[in-house]
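Close look at the chain arrangement
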Amino acid sequence: MKIKKIEAKETYPVRNEVLRKGKPIETCYFKGDENLDTSHFGLYLENSLIGIISIFKERNPLFSEEPQFQIRGMAVLDNYQGKGYGALLVKAAEDYCLDLNTELIWFNARESAIPFYKKLNYTIIGDSFEIPDVGIHFVMYKKIQKK
Ligand SMILES: CC(C)(COP(=O)(O)OP(=O)(O)OC[C@H]1O[C@@H](n2cnc3c(N)ncnc32)[C@H](O)[C@@H]1OP(=O)(O)O)[C@@H](O)C(=O)NCCC(=O)NCCS
């Protein structure tokens, strides 16, 4: 198992298969994917990419911490879910953010993924909201600090 930085375009097939099933590949391109302060990580088993996570330098007006980063495009291929790989990807993202002296990580969590994020000590803030074509989401966050 290896987690390493990857290019935005390498995330698109996995986003498509897990997060935008049956939808055109263009729906997998996120605004800011190519920004210099955006990073993408992939989890490889042998030479196969089976999980991804992206980190965007994006402020949410709900939080005053600076800098803060947003997790997006968190996905593990169906056959590999429930084996701990998602948690490893979030940990890699947190380590990366800590190196940048980030104080807070936030994201829009799908309702179905909330138990996963709660296990990793993320907290819901505010009410649910609908992302068109994707479903019900909640904002979740965690304050992080270098030990
Ligand atoms: C959500 C997702 C990224 C989690 O990755 P994963 O590799 O399946 O999760 P892990 O195996 O690392 O799970 C870590 C812990 O969370 C728990 N968990 C994961 N998904 C869960 C769920 N839906 N409900 C309850 N618990 C869950 C696991 O049981 C595990 O608990 P443990 O530490 O006690 O064993 C993955 O299932 C996925 O890609 N889902 C579809 C896409 C998606 O929803 N992405 C998030 C968008 S916001």
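The structure reproduced in this document is the subject of the present report. Along each chain, numbering runs from 1 in the same order as the chain's sequence is written. A pLDDT threshold of at least 70 governs which residues receive local features in this predicted model, and a stricter bar of 80 or more applies before side-chain atom pairs are shown or counted, although totals over entire chains, interfaces and linings include all residues. Computation of side-chain values covers all heavy atoms of the structure but excludes hydrogens and water.

Quick word on the sheet that holds strand β7 (residues 135-143)
Backbone hydrogen bonds hold the strands of a sheet together, and the pairing may be parallel or antiparallel. Inclusion rule: At least two DSSP bridges between two strands are required for those strands to pair. Secondary structure elements are defined from DSSP: runs of H or I of at least 4 residues count as helices, runs of E of at least 2 residues count as strands, and each element is numbered from the N terminus. Helix axes are fitted to C-alpha atoms over the stretch in contact, other axes to C-alpha atoms as well, and angles between N-to-C directions run from 0 to 180 degrees.
The mixed open sheet is built from 7 strands, whose spatial order is β1-β2-β3-β4-β5-β7-β6. Both edges of this open sheet fall to β1 (2-6) and β6 (123-131), since each of them pairs with a single strand only. Averaged over all pairs of adjacent strands, the angle between strand axes in this sheet comes to 25°, irrespective of strand direction. As paired elements, strand β2 (residues 39-45) and strand β3 (residues 48-56) share 7 bridges and run antiparallel to each other. Each bridged residue has a counterpart across the sheet, and for S39 the counterpart in β3 is I55.

What about the site of the ligand?
Worth spelling out the cut-off: Residues are classed as near a molecule or strand on a simple rule: at least one heavy atom within 4 Å of it. Contacts described as polar in this section are N or O atom pairs within 3.5 Å, which, within protein, must combine one atom able to donate a hydrogen with one able to accept it, while residues neighboring in sequence count only if both atoms come from side chains. A cavity here means a set of points on a 1 Å grid, drawn over the protein atoms and nothing else, where a 1.4 Å probe fits but cannot get out; a pocket is an open set with protein on both sides within 12 Å along at least five of seven lines, and a residue lines either one if it has an atom within 4 Å of a point. Put plainly, a molecule is in a cavity or pocket when over half of its atoms are within 2 Å of the grid points there. For this classification, Asp, Glu, Lys and Arg are treated as charged, while Ala, Val, Leu, Ile, Met, Phe, Trp, Tyr, Cys and Pro are nonpolar and the rest, including Gly, are polar.
The environment of the ligand is made up of 21 residues, and the closest members are V76, G82, G84, G86 and K119. At 2.8 Å, a backbone N or O of V76 approaches an oxygen atom of the ligand. In this structure, K83 approaches the ligand through a main-chain N or O atom, which is 3.1 Å from an oxygen atom. Of all the cavities here, the one that holds the ligand is the largest pocket. When residues of the shell around the ligand are assigned to their parent elements, the largest contribution, 4 residues, is made by helix α3 (residues 114-119). Taken together, the residues that form the shell around the ligand break down as 12 nonpolar, 6 polar and 3 charged.

Quick notes on the environment of L89
Applicable threshold: Contacts between residues were defined by any pair of non-hydrogen atoms, one from each residue, lying within 4.5 Å.
Tracing the backbone shows L89 in helix α2 (residues 85-99). Once the C-alpha coordinates of L89 and S54 are considered, the two residues, 35 residues apart in sequence, prove to be 9.5 Å apart. Setting aside residues up to four positions removed in sequence, L89 forms contacts with I3, F41, G42, L43, G51, I52, I53, M74, A75 and V76.

So, the nonpolar core
Applied cut-off: Side-chain atoms within 4.5 Å are what join buried Ala, Val, Leu, Ile, Met, Phe, Trp, Tyr and Cys residues into a set we call a nonpolar core. Burial here depends on accessible area, computed with a 1.4 Å probe over protein chains only, as a share of the maximum for the residue type. Under 20% is buried, over 50% is exposed, and the range in between is partly exposed.
Residues I53, I55, I71, M74, F107, Y117 and Y122 are the most contacted members of the largest nonpolar core, which totals 37 residues. Of all the secondary-structure elements, those providing two or more residues to this core are α1 (8-19), β2, β3, β4 (68-76), α2, β5 (104-110), α3 and β7. With 7 residues, α2 is the single largest residue contributor to this core. Non-local contacts of I55, meaning those with residues more than four positions away in its chain, are made with D37, T38, S39, F41, F69, Q70, I71, A93, Y96 and C97.

What to know about the pairing of β7
The pairing of β5 with β7 spans 7 bridges and is classified as antiparallel. Counted as the bridge partner of I105 is K142 from β7. As defined by bridge partners, β6 adjoins β7 across 6 bridges and the pair is classed as antiparallel. Its bridge partner being in β7, E130 is matched across the sheet by I136. As consecutive antiparallel partners, β6 and β7 are separated by 3 residues, and within that stretch D133 has a phi angle of approximately 70°, a positive value.

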